[in-house]
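# Descriptive structure summary
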Amino acid sequence: MSPRERARRFVDGELDASGRAALLADAERDPKLAEELATARAAVEALAALPAPEPPPDLVNRAVLRAVQRRAARPERRWPALPRLSLAGALLAAGALLVGLWAARGERDAPIAAPPPIAESVGRMEASEALVRLVVPAEGARSVAVAGDFNEWRADDIFLEDPEGDGVFVGTLRLPPGSYAYMFVIDGERWVTDPYAVNHRDDGFGNQNAVLRID
Amino acid sequence: MSAALIPADALRPSRDDEAAWVAAACAGDATAFRRIVEQHHRSLYLMAARLVGDPVEAQDLVQESFAKAYLNLERFDSSYRLSTWLHRITLNTCRDYLKCSRRRERASTPELLEQVDDAPHPEQQLAAKITEQRVRAALGRLKPSYREVLVLKDLQGLSYEEIKRITGTPITALKIRAVRARAKLKDALGAER
């Protein structure tokens, strides 16, 4: 585990008393760990100094009033009038609806509705497949691809995205049950092992491939 | 007479209570909706004030968020916590606000000096206020995704699992972001000196 991750666990309270003591002892000997710990602690302590602002006493009344007024002004909901459809058009529309429902199965990502059930590692989609979410920190990278048993180790096939522009690349694969070795390919040339992989396999060239196991 | 601390959970409404309030509010019962507001306004206000760095705007954003919630209450899925849903709406409302480049900047220094002028220990109060302003300014200069994770994790005290449910961001990405955000905050505080 990297010194940065160890320091994070310390300040996030994820270590027990013996883990904290061991980390502090290691920090005495490891300047990198000491630096990461000092950085994390300085930020958390600075934030702890911020007072909690109290909401104004009339906030509840104001919020309820605005909500009730807004709801009262809401136009009555009516079903939109359906356009006239020929039999062929109706069948096409019904087919499109079924395809849409099929594509959207398992997804509930409305902007205000309840949050979608995003799978962090492996989320079951149906009996034969699973969704696998990949996350890799690669600050400064222009591209991050994933190559593995599932795409014949092609480095130009599946690219992760950096939606926040913060160098954290993410992507979701849909895979049938099995065991898959894989690596990330940064900027088309640098092959790196998934730092968060639980399982590994020797690639025969002195490196470790990460391994996904889907039951 | 003996006294014992009441566990915080005992004071919180149960999920059944909340489900009943939601059902009644959906039917147009404003009193039931008021209970929901009373239960959650403090936490939502705290988050909004820290995200946008402006207590006056935060009031407006929280009111707006509750108005959106009341309009869309029929869409709430009771298999989730109501607080998660409300935090998500408020977070989105704050994000929209922060995207608006024309928002008014408020000068807080005169108000700050006025506040500490009559305090019992004005020098200590002033030093604390200056420190507070430095931290707030440094937090305000972080990119929004960094500020969000620090507000939700380090200031609101939410777990990564709860933050994932609110933001939709995977836990691993949140942890990486928290580490980077703390490093950026420390750098920003150093630059402030």
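Below you will find a few notes about this structure.

### A look at the overall build of chain A
Counting its secondary structure elements, chain A contains five helices and nine strands. The linear arrangement of helices and strands in chain A, starting from the amino end, is α-α-α-α-α-β-β-β-β-β-β-β-β-β. Taken over 215 residues, chain A has a buried fraction of 34%. For chain A, contacts bridging at least 24 residues in sequence account for 56% of all contacts bridging at least 6. With the model as given, the accessible surface of chain A reaches about 13300 Å², and the carbon-plus-sulfur share is 56%.

### Overview of the nonpolar core
Counting residues in hydrophobic clusters, the biggest one holds 60 residues, and the most contacted among them are B:Phe33, B:Leu139 and B:Leu185. Ignoring any residue separated from it by four or fewer positions in sequence, one finds B:Phe33 in contact with A:Ala67, B:Ala25, B:Phe66, B:Tyr70 and B:Leu73. Of all hydrophobic cores here, the second largest spans 22 residues; its members include A:Phe169, A:Leu175, A:Ala197 and A:Leu212.

### Focus: the interface of chain A and chain B
Chain A puts 56 residues into the contact, and the matching count from chain B is 63 residues. Interface of chain A and chain B: buried area, both sides summed, is about 5500 Å²; carbon and sulfur atoms make up 62% of it. Linking chain A with chain B are eight salt bridges, by the criterion used here. There are 14 residue pairs in polar contact (both at pLDDT 80 or more) connecting chain A and chain B. Among the secondary structure elements, those contributing two or more residues to the side of chain A that touches chain B are α1 (3-11), α3 (31-48), α4 (59-72) and β2 (129-137) of chain A. Element by element, the count of residues in the side of chain A that touches chain B is highest for α4(A), at 11 residues. Split into classes, the residues belonging to the side of chain A that touches chain B amount to 34 nonpolar, four polar and 18 charged.

### Digging into the packing of aromatic side chains
Applying the stated criterion across every chain, the model contains five aromatic pairs over all chains. Between A:Tyr182 and A:Phe184, the ring centres sit 5.9 Å apart and the planes meet at 75°, which makes this aromatic pair edge-to-face. Where B:Phe76 meets B:Trp85, the ring centres are 5.2 Å apart and the plane angle is 50°; that geometry is what we call tilted. Taking the relative accessible area as the measure of exposure, B:Phe76 reaches 13% and is therefore buried. Taken together, B:Phe33, B:Phe66 and B:Tyr70 form an aromatic cluster joined through their ring pairs. Between A:Arg71 and the ring centre of B:Tyr70, over which it is positioned, the NZ or CZ distance is 4.5 Å. B:Lys153 extends its terminal NZ or CZ atom over the ring of B:Tyr160, reaching a point 4.5 Å from the ring centre.

About the cut-offs
- The written sequence of each chain sets the order in which its residues are numbered from 1.
- As a convention, the first chain written is A and the first ligand written is 1, with the rest following in written order.
- For a predicted model such as this one, the threshold for reporting local features is a pLDDT of at least 70, and the threshold for listing and counting side-chain atom pairs is 80 or more; totals across whole chains, interfaces and linings nevertheless cover every residue.
- As a convention, hydrogens and water are excluded, and side-chain values are obtained from all of the structure's heavy atoms.
- By definition, any uninterrupted DSSP run of H or I lasting at least four residues is a helix, any uninterrupted run of E lasting at least two residues is a strand, and each is numbered from the N terminus.
- Burial here depends on accessible area, computed with a 1.4 Å probe over protein chains only, as a share of the maximum for the residue type. Under 20% is buried, over 50% is exposed, and the range in between is partly exposed.
- For this analysis, residues touch if any pair of their heavy atoms sits within 4.5 Å.
- Where accessible areas are quoted, they stem from the Shrake-Rupley method and a 1.4 Å probe; at the residue level, only the protein chains shown are allowed to cover.
- Buried Ala, Val, Leu, Ile, Met, Phe, Trp, Tyr and Cys residues form a nonpolar core when they are joined through side-chain atoms within 4.5 Å.
- The quantity reported as buried area is the accessible area (1.4 Å probe) lost by two parts once they are put together, taken as the sum for both.
- The rule for a salt bridge is simple: a side-chain nitrogen of Lys or Arg has to be within 4 Å of a carboxyl oxygen of Asp or Glu.
- In protein, a polar contact requires one atom able to donate a hydrogen and another able to accept it; more generally it is a pair of N or O atoms within 3.5 Å, and residues adjacent in sequence count only if both atoms are side-chain atoms.
- Residues are grouped as follows: Ala, Val, Leu, Ile, Met, Phe, Trp, Tyr, Cys and Pro are nonpolar; Asp, Glu, Lys and Arg are charged; every other residue, Gly included, is polar.
- We call Phe, Tyr and Trp rings a pair once their centres come within 6.5 Å, taking the six-membered ring for Trp, and we label the pair stacked below 30 degrees between planes, edge-to-face above 60, and tilted otherwise.
- Whether a charge lies above a ring is judged from NZ of Lys or CZ of Arg, which has to be within 6 Å of the ring centre and within 35 degrees of the ring normal.

That's the geometry; what it means functionally is another story.
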